[in-house]
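Understanding the architecture of this molecule
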Amino acid sequence: MHDDRGASKIMLLGKKDIIGLDIGSKHIKAVQLRENKGSHRLERLGITTLQPELIVDGSILDSTHVVNAIKELVSNTDIKAKDVTLSVSGHSSVIIKRVSLPQMTEDELDEQIQFEAEQYIPFDIEDVSLDFQILGPAEEENMMDVLIVAVKKDKINEYVTVVREAGLNPVIVDVDAFALENMYELNYDVKEGENIALVNIGASMININILKGGISVFTRDSSVGGNLLTEALQKEFTVSYTNAEKLKQKESVEGVSEENVKVALNTAFEDIITEISRSFDYFRDTTNYENVDEIILSGGVALTNDFAQSLSERAGVNVNVAEPFKNVNVPETFDKEYLKKVSPLVSVAVGLAMRRVGDK
Ligand SMILES: Nc1ncnc2c1ncn2[C@@H]1O[C@H](COP(=O)(O)OP(=O)(O)OP(=O)(O)O)[C@@H](O)[C@H]1O
Ligand SMILES: [Mg+2]
């Protein structure tokens, strides 16, 4: 009796589960975690594939199909929670800047953020939602380092609207780069003095967040991704989008040899790897010529045969594929083999699922 009451009390006071919903152009992923005394347990996990061209360059072109896909995903995954953390990304709608500002309190900055941010944000300040985080004192006296995040309001509206229309309740809007960081903090120990690049390569986008001793010092989104590989295969073997996607997943397609696919993919990797190396060059230029020590690789492209190894060789950096459930209790009811196979796809969704209303 006493125990029962205790349990229900904990339930009532416990923070509500939130669905981490990562709406990508190729896959929508949903993850629900249950937090208990600092440990996390996997409650729900679902992935659904979108037809091509529903979301292009981060814009939802066909919201009806996207809404239906979310509804289906929620129902197939037996998700009962309603609250959602979603994310947006892309250099044309998200700006993350690390700046030095005169020292002030959080409340003071809250009042002045619009004015302070104006000079750093290349968008009309009226068109963006602003958020900030005070990182600590700057090198210069009486100054402090602040992370400013600006996201175009119309982008937020676009994504919030489809989530609402799917019958869910969006409570937090995050950005992919920070979701990756949350996933990392959940599963990895901070490596002092090391620069760890969290790299997420989806179908149409690369998100990079470089952590120095566990603190984010560089973020960048690029509009390049696995679609490049699909297109290269389509051209090389004159096959449809569907067949090219099959080839990427090592399924056979009549008239195309596995060996030739391997060669074509390895050539096509170049554009993606060049883009990542370019970001690392920017990082080097904005720091004191610091190098990236390790890449934690997420996103569907991490699953493409040979890619991780190729990236490691060509970028000259150790690459490890992300393990978003390394530190998560996974009940027996989940198929461990399947989970292992898809886990790099859900890094962002896991990071989103960790957010709770009121945290920072
Ligand atoms: N098993 C696999 N083998 C090879 N490639 C795969 C595999 N699974 C997914 N991919 C590729 O990964 C990409 C999709 O990855 P992901 O789901 O991370 O993208 P997304 O989040 O939907 O896209 P966006 O870039 O718009 O955020 C596609 O290019 C797809 O072909
Ligand atoms: Mg994505």
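To start, this report covers the structure provided alongside it. Since the model is a prediction, treat every value here as computed from it, not as a measurement.

Digging into the overall build of the chain
When helices and strands are tallied, the chain shows 11 helices and 16 strands. Its C-alpha atoms give the chain a radius of gyration of 21 Å, within 12% of the compact-globule value 21 Å for 360 residues. Structurally, the chain occupies a C-alpha span of about 65 × 60 × 40 Å along its principal axes. Of all 360 residues assigned to the chain, the portion counted as buried reaches 39%. Across the chain, contacts joining residues at least 24 apart in sequence account for 67% of those joining residues at least 6 apart.

Quick notes on the environment of Phe325
Secondary-structure assignment places Phe325 in the loop between strand 15 (318–321) and strand 16 (328–329). As a C-alpha pair, Phe325 and Thr242 span 83 residues in sequence and 30 Å in three-dimensional space. For Phe325, the residues in contact, after removing those within four places along its chain, are Leu42, Val330, Leu339 and Ser343.

Here's the deal with the sheet that holds strand 9 (residues 143–152)
On the basis of which strands lie adjacent, the open sheet formed by three strands has the order 7-9-8 and antiparallel pairing. Edge positions in the sheet fall to strand 7 (94–102) and strand 8 (128–137), since each of these pairs with one other strand and no more. Put simply, the sheet's adjacent strands are angled 25 degrees from each other on average, direction ignored. Bridge count between strand 8 and strand 9: nine bridges; the pairing is antiparallel.

Description of the environment of Phe307
For Phe307, the position within the fold is in helix 9 (residues 307–315). Sequence spacing of Phe307 and Arg278 is 29 residues, and the spatial spacing of their C-alpha atoms is 17 Å. Contacts of Phe307, omitting those with residues within four sequence positions, involve Phe269, Val301 and Ala302.

Notes on the site of ligand 1
The full set close to ligand 1 counts 21 residues, and Gly24, Ser25, Gly202, Gly226 and Gly300 are the nearest of them. Mapped by element, the contributors of at least two residues to the shell around ligand 1 are helix 6 (227–237) and helix 7 (241–248). Residue composition of the shell around ligand 1, by class: five nonpolar, 13 polar and three charged.

Thresholds applied
Residues numbered from 1 in each chain as written. Chains lettered and ligands numbered in written order. Predicted model: local features only at pLDDT ≥ 70, side-chain atom pairs only at ≥ 80, totals over all residues. Helix = DSSP H or I, 4+ residues; strand = E, 2+ residues; numbered from the N terminus. Rg over C-alpha atoms; globule rule 2.2 N^0.38 Å. Buried ≥ 20, exposed ≤ 12 C-beta atoms within 10 Å, placed from the backbone. Contact = placed C-beta atoms within 7 Å. Pairing = 2+ DSSP bridges. Axes fitted to C-alpha atoms, helices over the stretch in contact; angles between N-to-C directions. Near = placed C-beta within 6 Å. Nonpolar A, V, L, I, M, F, W, Y, C, P; charged D, E, K, R; others polar.

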